[in-house]
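Residues per chain, in single letters:
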Amino acid sequence: MPDQLPARVPGHRGDPLVVVAGVNKHFGPLHVLKDIDLTVAQGEVVVVIGPSGSGKSTLCRTINRLETYESGRITIDGQDLPDEGKELARLRADVGMVFQSFNLFAHKTVLENVTLGPTRVRRQKKTEAEKVGMQLLERVGVANQSSKYPAQLSGGQQQRVAIARALAMQPKVMLFDEPTSALDPEMINEVLDVMTSLATDGMTMIVVTHEMGFARRAADRVVFMAEGEIVEEAEPETFFTAPTSARARDFLSKILTH
């Protein structure tokens, strides 16, 4: 079982890849991101946790420009987030995103879902995209489902296809927005295992999740958010055994005792 796996040993970190500086975001009168500063290095796995409504998913979606923001700056590999158009499409190709709901195209097969981005956006030849697509489906453990349609798959299988689809674009960073929260309990570990393997392989990842076992095992750093702010950040062992803020201690006491 994944919980018996050893914790990830933080490896060599590269240059800053994702830089969020002084970012503010409102939904009407609600201030959902308050002066957020966060730097994620190449090859680093950052897990963002916190109570519901703390701004975690909004932060994740802002990094991919699915949400706009009013002030501050976000750069990916030194490039500012563009507002729209081809430049934004190009940037999104560098930022893989896996959502809570799998967002697969229902009328396309599993392999077609995985090859669509590389052929349309990356202009990859169909034969090459299919070869790489099958390798990725093999990697996430669903190659034998390649000719099926999403509705014929379990939730865990669909989410693994969604991960393969994001990887097919050869992204510089992967964003995961609560990727297991829509899954039945027995399917959660199969998705977390794939994510843990990506972390071990050195993929840069920002993961919003309620799965504390994954945070302990796979993260280089845990970022704790509450009420739109980053309250605390630390290596997993430090955060889970000796949180410094009252809000983090309160949060952990509620979730780790059940």
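Rules used in this analysis
- Residues numbered from 1 in each chain as written.
- Predicted model: local features only at pLDDT ≥ 70, side-chain atom pairs only at ≥ 80, totals over all residues.
- Heavy atoms only, no water.
- UniProt positions renumbered as here; feature names shortened; annotations may be inferred.
- Helix = DSSP H or I, 4+ residues; strand = E, 2+ residues; numbered from the N terminus.
- Rg over C-alpha atoms; globule rule 2.2 N^0.38 Å.
- Buried < 20%, exposed > 50% of the residue type's maximum accessible area, 1.4 Å probe, protein only.
- Contact = heavy atoms within 4.5 Å.
- Areas by Shrake-Rupley, 256 points an atom, 1.4 Å probe, with all protein chains shown as cover.

If you look the chain up in an unreviewed UniProt entry, it shows as Amino acid ABC transporter ATP-binding protein from Aquipuribacter hungaricus. According to the UniProt record, the Subcellular location (unreviewed entry) comment for the chain reads "Cell membrane".

> Hey, could you go over the overall build of the chain for me, with residue numbers and the actual values?
The number of helices and strands found in the chain is nine helices and ten strands. On C-alpha atoms alone, the chain measures out to a radius of gyration of 18 Å, which is about the 18 Å that the 2.2 N^0.38 rule sets for 258 residues. Looking at the chain as a whole, 53% of its 258 residues qualify as buried. In the chain, the share of contacts with a sequence separation of at least 24, taken over all contacts with a separation of at least 6, comes to 68%. Carbon and sulfur atoms make up 49% of the accessible area of the chain, which totals about 12200 Å².

> Account for helix 2 (residues 85-94), naming residues and giving values.
Taken together, the buried positions of helix 2 are Leu88, Leu91, Ala93 and Asp94. Looking at the buried side of helix 2, the elements it contacts are strand 4 (71-76), strand 6 (95-98) and strand 7 (173-177).

> I'd like a description of the UniProt feature "domain: ABC transporter" (unreviewed entry) in the chain, backed by residues and values.
In the UniProt entry, the feature "domain: ABC transporter" (unreviewed entry) is given for residues 18-252. A helix fraction of 40% and a strand fraction of 26% characterise residues 18-252, whose end C-alpha atoms lie 27 Å from each other.

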